[in-house]
Amino acid sequence: MDAAAAAQPNIALIKYWGKRDDALNLPAAGSLSITLDALHTRTAVRFDAALADDDVVLNGKRDPEQTRRIGAFLDLFRARAGVTTRAHVETANDFPTGAGLASSASGFAALAVAADGALGLGLTARELSRLARRGSGSAARSIFGGYVEMAAGTRADGTDAFASPLLDAAEWPLGVVIAITMRGTKAISSRAGMRASQLTSRYYREWIASVPNDLVTARAAIAARDFQQLADVSEANCLAMHAMMLAARPALIYWNGATLDCIQRIRALQADGIEVFFTIDAGPQVKAVCLPGATATVAGALRAIGGVQDVLISGLGGGARLVERRG
Ligand code: 2P0
């Protein structure tokens, strides 16, 4: 009844932004991501009959909203196991939480694997991906390592909305340089931002309709290890998502000045023949994806920008996994 798991965040190259069902957390379109290796969430779960309520400690602190969200997620596993036992959850990230670095992706992926281990359910990776999706859509992708595609699915019950691995990290190693341009948690949660986009952006439908084509292009680029093709489709998809967000009322502006400075610096590196591209999520941090040999040059260039507070360097890594199990 006691297990610990580890997982890493993933960075979407073809973005998930919009839902077809809120209750089951079903995405309106597919998405495609790379799982990182240098940032980690570690989560321990212990089911204990003596507990009256779930007890959740996130980065050393107890927070009622996080406890409610994690408790509701654990209910899915309790229902599968046919138990009502409450749990003690201890989870920590070795990177900034809630700042556009996908802590909910690694968080719910690690929690799914730990809960499965603690209850001895023996779920498949696909089942874990479906369940992780209920916690956070992007978490479905962090169950797997390397290059991962999330299917939107069409069924109302969500059984066809899960992620699948496309290629292992070692089959096409890339570097990821993350420029932190703001510390602290983001102003608008992904959930609220998606809802606002769907309800108010004049470009939302066009955005959702454009994703399947981008997925075809990205999948082909990955299969062919075609960096330029992956760069072009990833930047275009990211900018289309932000254009749609900018058209929401009120506008969703996730960037700051340093975000744009990073984009322009990456453009200059590209003009110098460096193989690098940018992607930006629901926050002001810039993720530069490059060939491994270019990582030091890219990191140096981004670090030199005023407004860039820190630079994190990562490669691509594996999926969520059990690291300990007892009882
Ligand atoms: C993604 N992002 O594909 C997208 C692209 C940011 C932009 O934050 O509501 O936190 O929990 O399912 O998984 C994904 O949003 O949203 C996200 P919920 P989630 O990585």
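One numbering rule holds for all chains: residues counted from 1, following each sequence as written. For this predicted model, a pLDDT threshold of at least 70 governs which residues receive local features, and a threshold of 80 or more governs which side-chain atom pairs are given and counted, while totals over whole chains, interfaces and linings are taken from all residues. Values shown for side chains rest on all heavy atoms present in the structure; no hydrogens or waters enter the calculation.

Considerations on the domain arrangement of the chain
- What the domain assignment reports for the chain is domain 1 (2-168) and domain 2 (175-314).
- With 33 residues of domain 1 at the interface, the matching set in domain 2 holds 43 residues.
- Of all residues in domain 1, Ile14, Lys15 and Trp17 bury the most surface against domain 2, accounting for 29% of the area lost on that side.
- By salt bridge we mean one thing: a side-chain nitrogen of Lys or Arg within 4 Å of a carboxyl oxygen of Asp or Glu. Where domain 1 meets domain 2, there are 2 salt bridges.
- Of the charged contacts, one joins Lys15 and Asp281 as a salt bridge, the two residues approaching to 2.6 Å between their closest N and O atoms. An automatic or database domain assignment is the source of the domain bounds shown. Residue contacts follow a heavy-atom distance rule, with two residues in contact if any of their heavy atoms lie within 4.5 Å. Two parts placed together each lose some accessible area under a 1.4 Å probe, and the buried area is that loss summed for both.

Section: the sheet that holds strand β12 (residues 276-279)
- By this definition, two strands are paired if DSSP reports at least two bridges between them. By the criteria applied, helices consist of DSSP H or I runs no shorter than four residues and strands consist of E runs no shorter than two, each listed in order from the N terminus. With respect to topology, 4 strands assemble into an open sheet ordered β12-β13-β11-β14, the strand pairing being antiparallel. The open sheet has two free edges, formed respectively by β12 and β14 (310-314), since each of these has just one partner strand. Averaged over neighbouring strand pairs, the angle between their axes works out to 20 degrees when direction is ignored.
- Across the sheet, helix α7 (residues 227-246) is in contact with β12 and β13 (286-290); its angle to β12 comes to roughly 20 degrees. The convention used is that axes are lines fitted to C-alpha atoms, helices contributing only their stretch in contact, and that angles between N-to-C directions extend from 0 to 180 degrees.

Brief notes about the site of the ligand
- One heavy atom within 4 Å of a molecule or strand is enough for the residue carrying it to be called near that molecule or strand. The environment of the ligand is made up of 18 residues, and the closest members are Tyr16, Lys19, Ser136, Gly137 and Ser138.
- The definition of a polar contact used here is a pair of N or O atoms within 3.5 Å, where within protein one atom must be able to donate a hydrogen and the other to accept one, and adjacent residues in sequence count solely through side-chain atom pairs. Measuring from an oxygen atom of the ligand, one finds a side-chain N or O atom of Tyr16 at 2.6 Å.
- Within the side chain of Ser138, one N or O atom sits 2.6 Å away from an oxygen atom of the ligand.
- The element contributing the most residues to the shell around the ligand is helix α5 (residues 190-200), with 3 residues.

Looking at the sheet that holds strand β2 (residues 10-14)
- Spatially, the 4 strands line up as an open sheet ordered β2-β5-β9-β10, and their pairing is antiparallel. Sheet topology places β2 and β10 (163-167) at the edges, where each strand pairs with a single neighbour. Ignoring which end each strand starts from, the neighbouring axes of this sheet average 35 degrees apart.
- Pairing geometry for strand β5 (residues 31-35) and strand β9 (residues 147-150), over 4 bridges, is antiparallel. Within β9, the position partnered with Ile34 by the bridge is Tyr147.

Quick word on the nonpolar core
- The set of buried Ala, Val, Leu, Ile, Met, Phe, Trp, Tyr and Cys residues whose side-chain atoms join them within 4.5 Å is what this entry labels a nonpolar core. Classification of residues uses two cut-offs on accessible area relative to the type maximum, computed with a 1.4 Å probe and protein chains only: under 20% is buried, over 50% is exposed, and between them is partly exposed. Counting residues in hydrophobic clusters, the biggest one holds 43 residues, and the most contacted among them are Trp17, Ile34, Tyr147, Trp172, Leu174, Trp207 and Leu230.
- Counting only elements with at least two residues in this core, the list comes to β2, β5, β11 (175-180), α6 (204-223) and α7.
- Considering each element in turn, this core owes the most residues, 8 residues, to α6.
- When residues of this core are assigned to domains, at least three map to each of domain 1 (2-168) and domain 2 (175-314).
- When residues no more than four places from it in sequence are discounted, the contact partners of Leu230 are Leu13, Trp172, Leu174, Ala218, Ala221, Ile222 and Phe277.
- Counting 37 residues, the second largest nonpolar core, distinct from the first, contains Ile70, Phe77, Ala109 and Val148.

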